[in-house]
Amino acid sequence: AQSVTQPDIHITVSEGASLELRCNYSYGATPYLFWYVQSPGQGLQLLLKYFSGDTLVQGIKGFEAEFKRSQSSFNLRKPSVHWSDAAEYFCAVGAGGADGLTFGKGTHLIIQP
Amino acid sequence: NAGVTQTPKFRILKIGQSMTLQCTQDMNHNYMYWYRQDPGMGLKLIYYSVGAGITDKGEVPNGYNVSRSTTEDFPLRLELAAPSQTSVYFCASNQVGRGNTEAFFGQGTRLTVV
């Protein structure tokens, strides 16, 4: 069965500092990987996705993620965070079908002024 | 382009009442899903559908039912509401095969059972 682990429940970062959110996955085949962001009271917005090809993926809002097959990881990065980046971030694996998308439990990002 | 639309946005139910959460998508996606989100638990799959007339259980289907009579609509039914069903519910859709896409989500329905 597929699974996703986000080891950090909460992360606090100063505004302007760099950010890395960790994601490890377990999947039986070549994974489809996603990062979603959820602002309070809102739905999930896709930040970026990896289906195949270049392992460094660029997304919206200045985010990027790198797929590392050997480490089963898909970490999300941003060089300089803004206060508006404060939100819940979810990593997910899967392409739909019987298992749908499997989500991690999320990382709550807090931005310090 | 509306994407995935869920109604209602909020609802309070009494124990034992029933209700239907509506979901519709205008992207002609074949797959549709219902998830529930509980604090600190991520999203859990309740039911999914691979196309009109075909549905199947996900990880947490107990207490829920679904139907998919058209490509666009995928309602979720709660027959006898229980406090354990207090949650935020998200509907999603994507295309699988003939051009896979990511999942698109509705804005969610916040349900409280008292």
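Residues numbered from 1 in each chain as written. Chains lettered and ligands numbered in written order. Predicted model: local features only at pLDDT ≥ 70, side-chain atom pairs only at ≥ 80, totals over all residues. Heavy atoms only, no water.

1. Considerations on the packing of aromatic side chains
Here is the rule we go by: A pair of Phe, Tyr and Trp rings is counted when the ring centres sit within 6.5 Å of each other, with Trp represented by its six-membered ring. The angle between the planes then sorts it: under 30 degrees is stacked, over 60 is edge-to-face, the rest tilted. Here a strand is any run of E in DSSP of at least two residues, a helix any run of H or I of at least four, and the numbering for each starts at the N terminus. To sort residues, take the accessible area from a 1.4 Å probe on protein chains only and compare it with the maximum for the residue type: under 20% means buried, over 50% means exposed, and anything in between is partly exposed.
The tally for this structure, following the rule as stated, stands at 17 aromatic pairs over all chains. Here Phe 34 of chain A and Phe 51 of chain A contribute two aromatic rings whose centre-to-centre distance is 5.8 Å and whose plane-to-plane angle is 80 degrees, an arrangement assigned as edge-to-face. On the criterion of sequence distance, the pair formed by Phe 34 of chain A in strand 5 (residues 33–38) and Phe 51 of chain A in the loop between strand 6 (44–50) and strand 7 (56–58) is long-range, its members being 17 residues apart. For the pair shown, Phe 34 of chain A and Phe 51 of chain A are each scored as buried. An angle of 80 degrees between the planes, with centres 5.3 Å apart, marks the rings of Tyr 36 of chain A and Phe 105 of chain B as edge-to-face. Of the two residues, Tyr 36 of chain A sits in strand 5 while Phe 105 of chain B sits in strand 10 (residues 104–105), which places them in two different chains. Connected via pairs of aromatic rings, a cluster forms that spans Tyr 32, Phe 34, Tyr 36, Phe 51, Phe 90 and Phe 103 of chain A together with Tyr 31, Tyr 33, Tyr 35, Phe 90 and Phe 105 of chain B.

2. Comments concerning the interface of chain B and chain A
Rules: Any two residues whose heavy atoms approach within 4.5 Å are treated as being in contact. Buried area is calculated as the accessible area (1.4 Å probe) missing from two parts once they are joined, with the contributions of both summed. One side-chain nitrogen of Lys or Arg within 4 Å of one carboxyl oxygen of Asp or Glu is enough to make a salt bridge. Pairs of N or O atoms are called polar contacts if they sit within 3.5 Å, as long as, within protein, a hydrogen donor faces a hydrogen acceptor (for residues adjacent in sequence, only side-chain-to-side-chain pairs). Residues are grouped as follows: nonpolar covers Ala, Val, Leu, Ile, Met, Phe, Trp, Tyr, Cys and Pro; charged covers Asp, Glu, Lys and Arg; every other residue, Gly included, is treated as polar.
The interface is formed by 20 residues belonging to chain B together with 21 residues belonging to chain A. The junction of chain B with chain A conceals about 1,600 Å² of combined surface from both sides, 56% of it contributed by carbon and sulfur atoms. Viewed at the interface, chain A and chain B are joined by one salt bridge. Note that Glu 102 of chain B is salt-bridged to Lys 49 of chain A, the shortest N-O span being 2.7 Å. Where chain B touches chain A, the interface holds four residue pairs in polar contact (both at pLDDT 80 or more). Looking at the side of chain B that touches chain A, the elements that each hand over two or more residues are strand 4 (31–37), strand 5 (43–51) and strand 9 (87–94) of chain B. Counting residues per element, the side of chain B that touches chain A draws most heavily on strand 4 of chain B, at four residues. Taken together, the residues that form the side of chain B that touches chain A break down as 11 nonpolar, eight polar and one charged.

3. Looking at the layout of surface pockets
For clarity, the cut-off: Lining residues are defined by having an atom within 4 Å of a point belonging to a cavity or pocket. Those points lie on a 1 Å grid over the protein atoms alone, cavities being sets where a 1.4 Å probe fits but cannot get out and pockets being open sets with protein on both sides within 12 Å along at least five of seven lines. Grid points are joined across faces, edges and corners, and a volume is the space filled by probe spheres set on the points.
Size it by volume and the largest pocket reaches roughly 690 Å³. In this structure, the largest pocket is lined by 31 residues; those nearest its centre are Gln 38 and Gly 41 of chain A together with Gln 37, Val 88 and Arg 110 of chain B. Those elements giving two or more residues to the lining of the largest pocket turn out to be strand 10 (87–93) of chain A together with strand 9 and strand 11 (109–113) of chain B. Of the residues assigned to the lining of the largest pocket, the class counts are 10 nonpolar, 16 polar and five charged.

4. Points about the state of the cysteines
Residue and element names in this part refer to chain A. What counts, and what does not: For this text, the term disulfide refers to a pair of cysteine sulfurs within 2.5 Å.
A full pass over the atoms with the stated rule returns two disulfides over all chains. Through a disulfide, Cys 23 is tied to Cys 91; the S-S separation comes to 2.0 Å. The S-S bond linking Cys 23 to Cys 91 shows a torsion near -65 degrees; that makes this disulfide left-handed. Placement of the pair is Cys 23 in the loop between strand 3 (19–21) and strand 4 (24–26) and Cys 91 in strand 10, with a sequence separation of 68 residues.

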